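Tertiary structure, described
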Amino acid sequence: ELEPKALYVLLNGNQVLVRSDLELAYLDYATVQSIKEESRTTFLGMIHQHSTPVFGVDLLGENASVPATDDGSGALYSFVDTRTTAPLFSALDNEIALHATAYAQWQRRSGFCTLCGAPTTLVEAGTSRRCTSCNTPSWPRQDPSMIAVIGSRCGNKVLLARSPRHPPKMHTVLAGFVEAGETFEAAVARETMEETGVCIDEGSVTYVASQPWPFPQS
Ligand SMILES: [Zn+2]
């Protein structure tokens, strides 16, 4: 399952392994093999001009023992919260960390077939599942969500809200999941109304950019 020339990024719960300079830690085959821990390996893609495969390794045990240091550079390794730290990575490291997290989150929650209830097994290097009874394939579920800046007509104010689950004085732009059968524009209008009581014109909603968001129920 592990490949000698490949690089591996480690996940542990909601955390990802980084070097002390806040770069995503890429471990080699020998280092990953030395970690005596139940784990699940998923193919993420090729980097370095398509010469090097990268895998995500999800440590499934309670007591993951990873090497304390990268012997080559002396940088220390540590696990950090993926959601809050990944935005500080380079664009490539951010993409790989979120890609690995998306697969790990899905794999942890999709052990049984949604049609017949039988156990599923991971196939295609961890990127899809197949039911052991009815053979139905399944892939990671996507939860479309939106985050929007609601601006005033004069253009110099934005609408912020404070969630009860956030610390005092922390205000954010509005965000939420798109409901089944709903357009993104309608989701922006609905969430804005639900969270602030402000009615906006759905037709004024415009698309800016997209990002992965592999954090279920958040
Ligand atoms: Zn089934």
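Counting of residues starts from 1 at the beginning of each chain's written sequence and follows it residue by residue. Owing to the predicted nature of the model, reporting of local features is limited to residues with pLDDT of at least 70; listing and counting of side-chain atom pairs is limited to 80 or more, with chain, interface and lining totals taken over all residues. Side-chain metrics rest on all non-hydrogen atoms present in the structure, leaving aside hydrogens and water.

Some remarks on the coordination of the zinc ion
Our working definition: Distances define the donors: N, O and S atoms within 2.8 Å of the metal qualify, as do those within 3.2 Å of Na, K or Ca. Water is excluded, so some sites may look unfinished. Here the metal geometry follows the donor angles, with tetrahedral for four donors whose angles all fall between 85 and 135 degrees, square planar for four and octahedral for six when opposite donors are more than 155 degrees apart and every other angle is between 65 and 115, and irregular for all the rest. Each helix corresponds to a stretch of at least 4 residues labelled H or I by DSSP, and each strand to a stretch of at least 2 residues labelled E; elements are numbered beginning at the N terminus.
Taken together, the protein ligands of the zinc ion are Cys113 (SG), Cys116 (SG), Cys131 (SG) and Cys134 (SG), with distances of 2.3 to 2.4 Å. Coordination at the zinc ion is tetrahedral, judged from the 4 donor atoms that bind it and the angles of 101 to 119 degrees they form at the metal. One chain supplies every donor for the zinc ion, spaced along it as C-x2-C-x14-C-x2-C. Pair noted here: Cys113 is in the loop between α3 (91–109) and β6 (120–123) and Cys134 is in the loop between β7 (128–131) and β8 (137–138), with a separation of 21 residues, a long-range link.

Observations regarding the sheet that holds strand β3 (residues 39–47)
Backbone-to-backbone hydrogen bonds join strands into a sheet, with any given pair of strands oriented parallel or antiparallel. Filter applied, for reference: Two strands pair if DSSP finds at least two bridges between them. In this description, a line fitted to the C-alpha atoms serves as the axis of each element, helices being fitted only across the stretch in contact, and the angle between N-to-C directions of two axes falls anywhere from 0 to 180 degrees.
If you trace the 5 strands from one edge of the open sheet to the other, you get β3-β4-β1-β2-β5, paired in mixed fashion. Edge positions in the sheet fall to β3 and β5 (77–81), since each of these pairs with one other strand and no more. Put simply, the sheet's adjacent strands are angled 35 degrees from each other on average, direction ignored. Note that β3 and strand β4 (residues 52–59) share 8 bridges and pair antiparallel.

Considering the side chain of Thr85
Put simply, the rule is: Whenever a nitrogen or oxygen atom comes within 3.5 Å of another N or O atom, the pair is scored as a polar contact, on the condition that within protein one atom can donate a hydrogen and the other can accept it, and that pairs from neighbouring residues in sequence are kept only if both atoms are in side chains. The contact definition used throughout considers only heavy atoms, calling two residues in contact when any of these lie within 4.5 Å.
Mapped onto the elements, Thr85 comes out in helix α2 (residues 82–85). Within the structure, Thr85 has its side chain in polar contact with the backbone oxygen of Asp81 (distance 2.8 Å). Excluding its chain neighbours within four sequence positions, the residues that come into contact with Thr85 are Leu22 and Val80.

With respect to the pairing of β6
In this sheet, β7 lies alongside β6 in antiparallel orientation, the contact comprising 4 bridges. Each bridged residue has a counterpart across the sheet, and for Val123 the counterpart in β7 is Ser128. With antiparallel pairing between neighbouring strands as the criterion, β6 and β7 make up a hairpin whose turn holds 4 residues, including Glu124 at a positive phi of roughly 50 degrees.

Brief notes about the pattern of salt bridges
Rule in force here: We define a salt bridge as a contact between a side-chain nitrogen of Lys or Arg and a carboxyl oxygen of Asp or Glu at a distance within 4 Å. Any residue under 20% of the maximum accessible area for its type is buried, any over 50% is exposed, and the rest in between are partly exposed; the area is computed with a 1.4 Å probe on protein chains only.
On inspection of all chains with the given rule, the structure shows 7 salt bridges. The closest approach of N and O atoms between Glu23 and Arg19, which form a salt bridge, is 3.6 Å. Here Glu23 falls in the partly exposed class, since its relative accessible area comes to 37%.

Here's the deal with the packing of aromatic side chains
Selection rule: Only centres within 6.5 Å qualify two rings of Phe, Tyr or Trp (six-membered ring in Trp) as a pair; their planes then separate them into stacked at under 30 degrees, edge-to-face at over 60, and tilted for everything else. Placement of a charge over a ring requires the Lys NZ or Arg CZ to be within 6 Å of the ring centre, with the centre-to-atom vector within 35 degrees of the ring normal.
Counted by the stated rule, this structure contains 3 aromatic pairs. Relative to Trp106, the ring of Tyr103 has its centre 6.4 Å away and its plane inclined at 65 degrees; by these criteria the two rings are edge-to-face. Pair noted here: Tyr103 and Trp106 are both in helix α3, with a separation of 3 residues, about one helical turn. Feature note: the residues Tyr8, Phe43 and Phe55 constitute an aromatic cluster, connected by ring pairs. Between Arg129 and the ring centre of Trp106, over which it is positioned, the NZ or CZ distance is 5.7 Å.

A word on the domain arrangement of the protein
Interfaces are often sized by the amount of accessible area the parts lose when they come together. Counted only if it meets this: Each domain's limits were defined by an automated method or a database of domain assignments.
Domain annotation for the protein reports domain 1 (7–109), domain 2 (110–141) and domain 3 (145–198). Of note, the centres of domain 2 and domain 3, computed from C-alpha atoms alone, are 35 Å apart.

Regarding unusual backbone geometry
Phi at His48 takes a positive value of approximately 55 degrees, unusual for a residue other than glycine. Of note, His48 is situated in the loop between β3 and β4.

Considering the sheet that holds β8
Pairing within the open sheet is antiparallel, and its 3 strands lie in the order β6-β7-β8. At either end of the open sheet lies a strand with only one pairing partner, and these are β6 and β8. Where β7 and β8 come together, 2 bridges link them in antiparallel fashion. Considered in β8, the bridge of Arg130 is made with Pro137. Docked against the sheet, α3 engages β6, β7 and β8, running at close to 15 degrees with respect to β7.

Some details on α3
Stated precisely, the cut-off is as follows: Here, expected helix span is obtained from the residue count minus one, scaled by 1.5 Å.
Its 19 residues give α3 an end-to-end C-alpha distance of 27 Å, which sits within 8% of 27 Å, the value for a rise of 1.5 Å per residue. Where α3 is concerned, the buried positions are Asp93, Asn94, Ile96, Ala97, Leu98, Ala100, Thr101, Tyr103, Ala104, Gln105, Trp106 and Gln107.

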